[in-house]
Amino acid sequence: MEIKGKTIGTGKPLLCVPVMESNKEEIIDELRTLAKSEADIVEWRIDTFVDYKNYNAVREVFAAAAECMKEKIFLYTFRTKKQGGMGELAPDELNDLHDLAAESGCVDLLDLEFFEEEHPARKIRKLHKQGLKVIASHHDFYETPDREVMKMLLEQMCAGGADIVKLAVMPQNMEDVLKLLSVTYEFKEENPDTPVITMSMGKMGMISRLCGESFGSAITFAAHKKASAPGQMEMHEVADILERIHKIM
Ligand SMILES: O=C1C[C@@](O)(C(=O)O)C[C@@H](O)[C@@H]1O
């Protein structure tokens, strides 16, 4: 898959940096800073914006993003409390935010919490009609499910029509990290046309954020000012490590 000349799913994993600021001016500043950074993808975690229910304020951020994200892939994520974020919205309100993303014309990828949706496949079809590409995601902040369960979660999101599938889980031990890496590798081998993103969170899982080129995870998340999940490293360090690994491979 290619967006804005960047290939997702083969070669060096793309580097995604979340914007976690809480007010409009800081969000826009951070978007402009990241537009000049080594990030391939910039994720706006809109759930951290204090004013996400003010649609005009949301539109203003999109207008700024439209100007500065011309060379970066722009990912839009509303992460609910249930899935480890800060946001809480009724389904209709979430639909409104997704519509605003589509209307903005500047969102390349939208994160959809697949298993929180009542009709996820229908929702993905709607987002596709609106011109958006969808990353279907699922988070487990407590544990790493069994291999078969993780495989099934990825396969269900893929069968639901997602363009990219993402799974973030919490390890209890290093075996859990190995399980996630092997499920990732297997999924990629069996579904070469659907990029997969996985991460084992926390310090224990840190290695999973660096070895995507070996095991198949297409995108890795790294922090600039604030980490958006446990175990994220600093973006300059990750960019450097990914490049070093890529040169050897
Ligand atoms: O889904 C993800 C992955 C993530 O949770 C991580 O573990 O790096 C970080 C989030 O910002 C992003 O939306």
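Along each chain, residue indices are assigned from 1 in the same order as the chain's sequence is written. With the structure being a predicted model, the display of local features is reserved for residues of pLDDT at least 70 and the display and counting of side-chain atom pairs for 80 or more, all residues being used for whole-chain, interface and lining totals.

- Naming follows an unreviewed UniProt entry, where the protein chain appears as 3-dehydroquinate dehydratase of Roseburia inulinivorans.
- UniProt positions are given in the numbering used here, feature names are shortened, and annotations may be inferred rather than shown by experiment. Comment text from UniProt for the protein chain, heading Function (unreviewed entry), reads "Involved in the third step of the chorismate pathway, which leads to the biosynthesis of aromatic amino acids. Catalyzes the cis-dehydration of 3-dehydroquinate (DHQ) and introduces the first double bond of the aromatic ring to yield 3-dehydroshikimate."
- Under the UniProt heading Pathway (unreviewed entry), the note attached to the protein chain is "Metabolic intermediate biosynthesis; chorismate biosynthesis; chorismate from D-erythrose 4-phosphate and phosphoenolpyruvate: step 3/7."

### Observations concerning the site of the ligand
So, step 1. Every one of the 15 residues lining the ligand counts as a neighbour, but Pro18, Ala168, Phe221, Ser228 and Ala229 are closest to it.
So, step 2. Strands are runs of DSSP state E lasting at least 2 residues, helices are runs of H or I lasting at least 4, and numbering of each runs from the N terminus. Mapped onto the shell around the ligand, the elements with two or more residues apiece are strand S4 (41-45) and strand S8 (164-169).
So, step 3. For the shell around the ligand, the per-class residue count stands at six nonpolar, four polar and five charged. Only the C-beta atom, placed from the backbone, is used; a residue is near a molecule or strand if that atom lies within 6 Å of it. Each residue gets one of three labels, nonpolar for Ala, Val, Leu, Ile, Met, Phe, Trp, Tyr, Cys and Pro, charged for Asp, Glu, Lys and Arg, and polar for the others, Gly among them.

### Some points on the UniProt feature "active site" (unreviewed entry) in the protein chain
So, step 1. In the numbering used here, UniProt assigns the feature "active site" (unreviewed entry) to His139 and Lys166. Spatially, the listed residues are clustered: although they cover 28 residues, their C-alpha atoms lie within 8.4 Å of one another.
So, step 2. Structurally, the position occupied by histidine 139 is in strand S7 (residues 133-140).
So, step 3. Residue burial is a threshold on neighbouring C-beta atoms within 10 Å of the residue's own C-beta, all placed from the backbone, with 20 or more meaning buried, 12 or fewer meaning exposed, and counts in between meaning partly exposed. Owing to 21 C-beta atoms within 10 Å, histidine 139 belongs among the buried residues under this scheme.
So, step 4. Setting aside residues up to four positions removed in sequence, histidine 139 forms contacts with Gln83, Gly84 and Ala168.
So, step 5. As for its position among the elements, lysine 166 is in strand S8. The contact criterion used is a C-beta to C-beta distance within 7 Å, with each C-beta placed from the backbone.

### Examining the sheet that holds strand S9 (residues 196-200)
So, step 1. One requirement defines pairing of two strands: DSSP has to find at least two bridges between them. The parallel open sheet is built from eight strands, whose spatial order is S9-S8-S7-S6-S5-S4-S3-S10. Two strands lie at the open edges of the sheet, namely S9 and strand S10 (219-221), each paired on one side alone. Shown here is a sheet whose adjacent strand axes are inclined to one another by a mean of 25 degrees, direction ignored.
So, step 2. Interaxial angles span 0 to 180 degrees and are taken between N-to-C directions of axes, which are lines fitted to C-alpha atoms, for helices over the stretch in contact. With respect to the sheet, helix H1 (residues 24-35) is in contact with strand S3 (14-19) and S4, its orientation differing from that of S3 by roughly 160 degrees.

### Things to note about the nonpolar core
Soluble globular proteins tend to bury their nonpolar side chains together.
So, step 1. Throughout this description, the term nonpolar core refers to a group of buried Ala, Val, Leu, Ile, Met, Phe, Trp, Tyr and Cys residues whose C-beta atoms join them within 7 Å. In terms of nonpolar packing, the biggest core is built from 65 residues, with Leu15, Cys16, Val42 and Ala162 touching the most fellow members.
So, step 2. Residues within four places of leucine 15 in sequence aside, it is in contact with Glu38, Ala39, Asp40, Thr220, Ala222, Met235, Val238, Ala239 and Leu242.

### Let's talk about helix H6 (residues 174-190)
So, step 1. End to end, H6 covers 25 Å across 17 residues, agreeing with the expected 24 Å (1.5 Å per residue, within 8%).
So, step 2. Among the residues of H6, Val177, Leu180, Leu181, Val183, Thr184, Phe187 and Lys188 are the ones counted as buried. The arc that holds every buried residue of H6, seen down its axis, measures 160 degrees, which confines them to one face. Away from its buried face by more than 90 degrees, H6 exposes Met174, Glu175, Glu189 and Glu190.
So, step 3. Elements that come into contact with the buried residues of H6 comprise helix H5 (147-159), S8, S9 and helix H7 (212-215). By this rule, a helix spans an expected 1.5 Å times one less than how many residues it contains. Throughout, the arc means the angular range of directions from the helix axis out to the C-beta atoms.

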